[in-house]
Amino acid sequence: MINLSGVTKIFRTSEIETRALDRVSFGVDEGEFVSVMGPSGCGKSTLLNLIGLLDNPTEGHIAIADTDITRLTNKQRARFRNEHIGFVFQSFHLIPSLSVRDNVELPLTYRDDLSARERRRRVEEVLDRVELSHRLKHRPGQLSGGQCQRVAIARAIVGNPRILLADEPTGNLDSQMGADIMRLLQSLNQDDGRTIVMVTHNESQARLTHRILRFLDGHLRPNID
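Trainee: Can you lay out the overall build of the protein chain for me, pointing to particular residues and giving the numbers?
Mentor: Helix and strand counts for the protein chain come out as 7 helices and 10 strands. What you see for the protein chain is a C-alpha radius of gyration of 18 Å, in line with the 17 Å of a compact globule of 225 residues. Taking the contacts inside the protein chain whose residues are at least 6 apart along the sequence as the reference set, 68% of them involve residues at least 24 apart. Just so you have it, the protein chain exposes about 11000 Å², and 44% of that area is on carbon and sulfur atoms. The averaged location of the 29 negative side-chain charges in the protein chain is 4 Å from the averaged location of its 30 positive side-chain charges.

Written out as structure tokens, the structure reads:
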């Protein structure tokens, strides 16, 4: 499903060059749940940004579902991202002024192949999937942190993406809410067959995934769990 070959990412300023990732190569199978671990600044979030088509590698190639995403135009990248990849962030990134329903529907408004009726049907379906259908008219400020993250997950999967990228999805939650979110992610992987790549600092949560990729100073360590 995901294949990285010799991927390097360099950030340059007038005074310094930072090699965030250095010749990274690995693959993720379809339906696999992989966690990415390592100290702060080791390249974990950069990796997700590259897989999620939010940035381009300096060198190397990334293929998703047999498509070399490094060769796509900006317009093609935006369309591919919208149709194939869902994002979940530590800070939720919900729009405070919008209802839960409107927050979840937002990615679908960029899809010209869906009617308003179909968009609403999908929103209601995913909110039921994350057990928040009774909160669809509420705004984020009226929800708990765990509920906000469930809304963010609903928004990430409403377009039915094959890949879910999660960057510290439980980082702002207490242990109980974090465990609830992990159970939901496991369900999305096991029951729905979604491929998930999750960045985390939580070793116990990482152990619940199929495999752990450990990074240090931009390098993938050879001892992959």
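Trainee: For the layout of surface pockets, give the residues involved together with the corresponding values.
Mentor: Counted as a void, the largest pocket has a volume near 520 Å³. Those elements that provide at least two residues to the lining of the largest pocket are α2 (74–84), β6 (85–89) and α5 (145–157). When residues of the lining of the largest pocket are assigned to their parent elements, the largest contribution, 4 residues, is made by β6. In the lining of the largest pocket, the residues fall into 11 nonpolar, 4 polar and 2 charged. In this structure, the second largest pocket encloses a volume near 200 Å³. Forming the walls of the second largest pocket are Lys75, Ala78, Arg79, Asn82, Glu83, Tyr110, Arg111, Asp112 and Asp113. Split by residue class, the lining of the second largest pocket holds 2 nonpolar, 1 polar and 6 charged.

Trainee: Got a sec to walk through the sheet that holds strand β5 (residues 67–68)? Specific residues and values, please.
Mentor: An order of β2-β1-β4-β5 is seen for the 4 strands of this open sheet, with the pairing classed as antiparallel. With one partner strand each, in any of the chains shown, β2 (17–28) and β5 form the two edges of the open sheet. Note that strand β1 (residues 2–12) and strand β4 (residues 59–64) share 5 bridges and pair antiparallel. The residue of β4 that forms the bridge with Leu4 is Ile62. Docked against the sheet, helix α1 (residues 44–51) engages β1, β2 and β4, running at close to 120° with respect to β1.

Trainee: So what about the pairing of strand β3 (residues 33–37)? Which residues, and what values?
Mentor: Most of β3 sits inside the fold, with 5 of its 5 residues counted as buried. Both faces of β3 are covered, namely the face carrying Phe33, Ser35 and Met37 and the face carrying Val34 and Val36. Where β3 lies against strand β8 (residues 195–199), 4 bridges are found, and the strand directions are parallel. Residue Val34 lies in a different strand from β8, and its bridge partner there is Val197.

Trainee: How would you explain the packing of α5 against helix α6 (residues 175–190) if you had to name every residue and give the values?
Mentor: Two numbers describe how α5 lies on α6: the axes approach to 9 Å, and their chain directions differ by 20°. For the element pair α5 / α6, the angle class is roughly parallel. Once α5 is placed against α6, the crossing between them reads as right-handed. Facing Gly145, Gly146, Gln149, Arg150, Ile153 and Ile157 of α5, the residues of α6 in contact are Met177, Asp180, Ile181, Leu184, Leu185 and Leu188. Classifying every residue of the contact of α5 with α6 gives 7 nonpolar, 3 polar and 2 charged.

Trainee: Tell me what's going on with the environment of Thr200, and back it up with residues and numbers.
Mentor: Here Thr200 lies in the loop between β8 and α7 (203–206). Excluding residues that lie within four positions of it along the chain, Thr200 makes contacts with Ser35, Val36, Met37, Glu168, Gln205 and Ala206. A distance of 2.9 Å separates the side chain of Thr200 from the backbone nitrogen of Asn202, its partner in a polar contact.

Trainee: Any chance you could break down the nonpolar core for me, citing the residues and the numbers?
Mentor: Core analysis: the biggest nonpolar cluster contains 33 residues, and Val104, Leu127, Ile153, Leu164 and Leu185 have the highest contact counts within it. Mapped onto this core, the elements with two or more residues apiece are α3 (100–105), α4 (116–129), α5, β7 (163–167), α6 and β8. Residue contributions to this core peak at 7 residues, all from α5. Those residues in contact with Leu164, other than ones at most four positions away along the chain, are Gly86, Phe87, Val88, Ala156, Ile157, Leu185, Leu188, Thr195, Ile196 and Val197. Counting 30 residues, the second-largest nonpolar core is a separate cluster that includes Val36, Ile64, Ile85 and Phe215.

Trainee: An account of the sheet that holds strand β10 (residues 219–220) is needed here, citing residue identities and associated values.
Mentor: On the basis of which strands lie adjacent, the open sheet formed by 6 strands has the order β6-β7-β8-β3-β9-β10 and mixed pairing. Looking at strand neighbours, the two that pair on one side only are β6 and β10, the edges of this open sheet. Packed onto the sheet, α2 meets β6 and β7 and runs at close to 75° relative to β6. Strand contacts of α5: β6 and β7, with the helix running at about 165° to β6, the strand carrying the most contacts.

Scoring rules and cut-offs
- One numbering rule holds for all chains: residues counted from 1, following each sequence as written.
- For a predicted model such as this one, the threshold for reporting local features is a pLDDT of at least 70, and the threshold for listing and counting side-chain atom pairs is 80 or more; totals across whole chains, interfaces and linings nevertheless cover every residue.
- Hydrogens are left out, water is left out, and the side-chain values use all remaining heavy atoms of the structure.
- Helix numbering and strand numbering both begin at the N terminus, where a helix is a DSSP run of H or I of at least 4 residues and a strand a DSSP run of E of at least 2.
- We compute the radius of gyration over the C-alpha atoms and compare it with the globule rule, which gives 2.2 Å times the number of residues raised to the power 0.38.
- Only heavy atoms enter the contact rule, under which two residues are in contact if any of them lie within 4.5 Å.
- Exposure was quantified through the Shrake-Rupley algorithm and a 1.4 Å probe, taking into account, for residues, occlusion by the shown protein chains and nothing else.
- None of His or the chain ends enter the tally, which takes Lys and Arg as positive and Asp and Glu as negative.
- Throughout, a charge is located at the NZ atom of Lys, the CZ atom of Arg, the CG atom of Asp or the CD atom of Glu.
- We place a 1 Å grid over just the protein atoms. Points where a 1.4 Å probe fits but has no way out form a cavity, open points with protein on both sides within 12 Å along at least 5 of 7 lines form a pocket, and any residue with an atom within 4 Å of a point lines it.
- Grid points are joined across faces, edges and corners, and a volume is the space filled by probe spheres set on the points.
- Throughout, the ten residues Ala, Val, Leu, Ile, Met, Phe, Trp, Tyr, Cys and Pro are labelled nonpolar, Asp, Glu, Lys and Arg are labelled charged, and all others, Gly among them, are labelled polar.
- Strands qualify as paired when DSSP identifies two bridges or more between them.
- To get an axis, fit a line to the C-alpha atoms, keeping to the stretch in contact for a helix; angles then go from 0 to 180 degrees between the N-to-C directions.
- With a 1.4 Å probe rolled over the protein chains alone, any residue whose accessible area is under 20% of its type maximum counts as buried; one over 50% counts as exposed, and the rest are partly exposed.
- Roughly parallel means an angle under 35 degrees; roughly antiparallel, over 145; roughly perpendicular, 65 to 115; everything else is oblique.
- Note: crossing handedness is left-handed where the near helix turns anticlockwise from the far helix by less than a right angle, and right-handed where it turns clockwise.
- Any pair of N or O atoms that falls within 3.5 Å is considered a polar contact. Within protein, one atom must be able to donate a hydrogen and the other to accept it, and sequence-neighbouring residues count only if both atoms are side-chain atoms.
- Among buried residues, the Ala, Val, Leu, Ile, Met, Phe, Trp, Tyr and Cys ones that are joined through side-chain atoms within 4.5 Å form a nonpolar core.

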